[in-house]
Amino acid sequence: MSAPLRTRLKFLADTDRPLVYVPSKGGGDETDHLGNFRSRVVEVHDARTSLRSPSLDAEGFLLRLHATRVGDFYDDAELHSVYHDEVGELVGHLTGAHKVEVFDDTRRAASLDTQRERGIREPAGIVHNDYTARSGIRRLRDHFAGDPEALDPLLERRFAIINVWRSIAGPVVDHPLVLCDATTVRAQDLVAMERRAEERTGELQVALFHPAQRWYYYPLMQPDEVLVFKTFDSATDGRTRFTVHSSCQDPSAPDDAPTRESIETRCFVFF
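Residues numbered from 1 in each chain as written. Predicted model: local features only at pLDDT ≥ 70, side-chain atom pairs only at ≥ 80, totals over all residues. Heavy atoms only, no water.

**Re the overall build of the chain**
On a plain count of helices and strands, the chain comes out with 5 helices and 15 strands. In summary, the chain has a C-alpha radius of gyration of 18 Å against a globular reference of 18 Å for 271 residues, a match within 12%. Principal-axis analysis of the C-alpha atoms gives the chain an extent of 55 × 45 × 40 Å. Classification of the 271 residues of the chain by burial places 52% in the buried group. Summarising the internal contacts of the chain: among those between residues at least 6 apart in sequence, 79% fall at separations of at least 24. Within the structure as shown, the chain displays about 12,700 Å² of accessible surface, and the carbon and sulfur contribution to it stands at 45%. Treating the 34 positive side-chain charges of the chain as one cloud and the 44 negative ones as another, the clouds have centres 5 Å apart. (Helix = DSSP H or I, 4+ residues; strand = E, 2+ residues; numbered from the N terminus. Rg over C-alpha atoms; globule rule 2.2 N^0.38 Å. Buried < 20%, exposed > 50% of the residue type's maximum accessible area, 1.4 Å probe, protein only. Contact = heavy atoms within 4.5 Å. Areas by Shrake-Rupley, 256 points an atom, 1.4 Å probe, with all protein chains shown as cover. Lys, Arg positive; Asp, Glu negative; His and termini not counted. Charge placed at Lys NZ, Arg CZ, Asp CG, Glu CD.)

What follows is the structure in structure tokens.
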């Protein structure tokens, strides 16, 4: 078993100030986090060697081999014509859902030059989860705002939001995605935060640090691997509903390490 990665993650320090998250637009700007945040040294364990058979309904995440026919992940047309079907098939197989609908792709790069060249966003800088119990439902309502007849039956059944994350430029040597085992996160560790973007205002969750939290990553993720994790579940039967995550610097990465480029594809999953 390899030694854990010791790195810094940025947690919510307290709730003394209003919390507002203003996401970057892409192209070299930075996400603004209004509130009191504090970096803490955390041990991040190698999930390849220290975590057996994680699941979406327990730890909240898992890794899978996933070959793709996509040649250019910066080609929106190819994502829509090829990748979304590939992701939908994978997520449907993993969850047993009767319907999977992709609704968002977000590309990120650790290199400022790549962000500017490609017009994409930076890696996430704080410990967070993409949705709250309220905003997950609101996101579904917004997506089907033009088709209320289709929305109503979906709200009567369980649905989830699943994120599929992969490298699009070689192995991930630095700035890996790190995730917290959801079974080690207490309800009181999660705090709702306004997400104020140009296209919509919503909510996400940020996390207070607690020593019982156990963090994982998959070292040297390859382009034919995907990290699948759950950011919302409408079920309230005890299964995992949210998975907090972030990115971090790997202090052991060489100075000339290739910079991370990644894509995260979000799906509505209907049961």
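Back to the write-up after that little detour.
**Digging into the sheet that holds strand 5 (residues 61-65)**
Each strand in a sheet pairs with another by means of backbone hydrogen bonds, the pair being arranged parallel or else antiparallel. Pairing within the open sheet is antiparallel, and its 5 strands lie in the order 5-13-8-15-6. A strand with exactly one partner marks an edge of an open sheet, and here the two such strands are strand 5 and strand 6 (99-109). Strand after strand, the sheet turns through a mean of 25 degrees between neighbouring axes, direction not considered. Contacts between helix 2 (residues 76-95) and the sheet are confined to strand 5, strand 6, strand 8 (159-167), strand 13 (225-233) and strand 15 (261-270), with strand 6 contributing the most and set at about 120 degrees to the helix. (Pairing = 2+ DSSP bridges. Axes fitted to C-alpha atoms, helices over the stretch in contact; angles between N-to-C directions.)

**With respect to the environment of Asp-46**
Checked against the element boundaries, Asp-46 lands in strand 4 (residues 37-46). Taking the C-alpha atoms as reference, Asp-46 lies 18 Å from Val-185; in sequence the two are 139 residues apart. Those residues in contact with Asp-46 that sit more than four places away from it in its chain are Ser-2, Leu-51, Tyr-217 and Pro-219. At 2.8 Å, the side chain of Asp-46 forms a polar contact with the backbone nitrogen of Arg-48. (Polar contact = N/O pair within 3.5 Å; in protein donor to acceptor, adjacent residues only side chain to side chain.)

**Focus: the pattern of salt bridges**
Summed over the entire model, instances satisfying the criterion amount to 20 salt bridges. Between Arg-108 and Glu-264 there is a salt bridge, with its nearest N and O atoms 3.1 Å apart. With Arg-108 in strand 6 and Glu-264 in strand 15, the pair connects residues that are 156 residues apart, well separated along the chain. By relative accessible area, Arg-108 is classed as buried at 6%. A residue is classified by how much of its surface remains accessible, and Glu-264, at 6% relative accessible area, is buried. Through salt bridges with shared partners, one network takes in Asp-57, Arg-158, Lys-230, Asp-233, Asp-237 and Arg-239. (Salt bridge = Lys/Arg side-chain N within 4 Å of Asp/Glu carboxyl O.)

**Examining the packing of aromatic side chains**
This structure, assessed with the given rule, holds 11 aromatic pairs. Ring centres of Phe-61 and Tyr-216 lie 6.2 Å apart, and the angle between their planes is 50 degrees; on these two criteria the pair is classed as tilted. Of this pair, Phe-61 sits in strand 5 while Tyr-216 sits in strand 12 (residues 215-217), and the two are 155 residues apart along the sequence. In this pair, the class of Phe-61 matches that of Tyr-216, namely buried. Ring plane angle 25 degrees and centroid distance 4.2 Å describe the contact between Phe-103 and Phe-268, whose orientation is recorded as stacked. (Phe/Tyr/Trp six-rings, centres within 6.5 Å; stacked < 30°, edge-to-face > 60°.)

**Some points on the environment of Val-20**
With respect to the element layout, Val-20 can be found in strand 2 (residues 20-22). Here Val-20 falls in the buried class, since its relative accessible area comes to 7%. Here the alpha-carbon distance between Val-20 and Met-193, two residues 173 residues apart in the chain, equals 5.8 Å. When sequence neighbours within four positions are dropped, the list of residues in contact with Val-20 reads Asp-32, His-33, Leu-34, Met-193, Glu-194 and Arg-196.

**Here's the deal with a negative patch on the surface**
Taken together, the side chains of Asp-147, Glu-149, Asp-152 and Glu-156 present a region of like negative charge at the surface. For Glu-149, a relative accessible area of 71% puts it in the exposed group. (Patch = residues over 30% accessible without salt bridge, like charges linked within 9 Å, V, L, I, M, F, W, Y side chains within 5 Å.)

**Side note on the side chain of Thr-231**
Following the sequence through the fold, Thr-231 ends up in strand 13. Contacts of Thr-231, omitting those with residues within four sequence positions, involve Asn-129, Asp-130, Tyr-131, Ile-161, Asn-163, Arg-241, Phe-242, Thr-243 and His-245.

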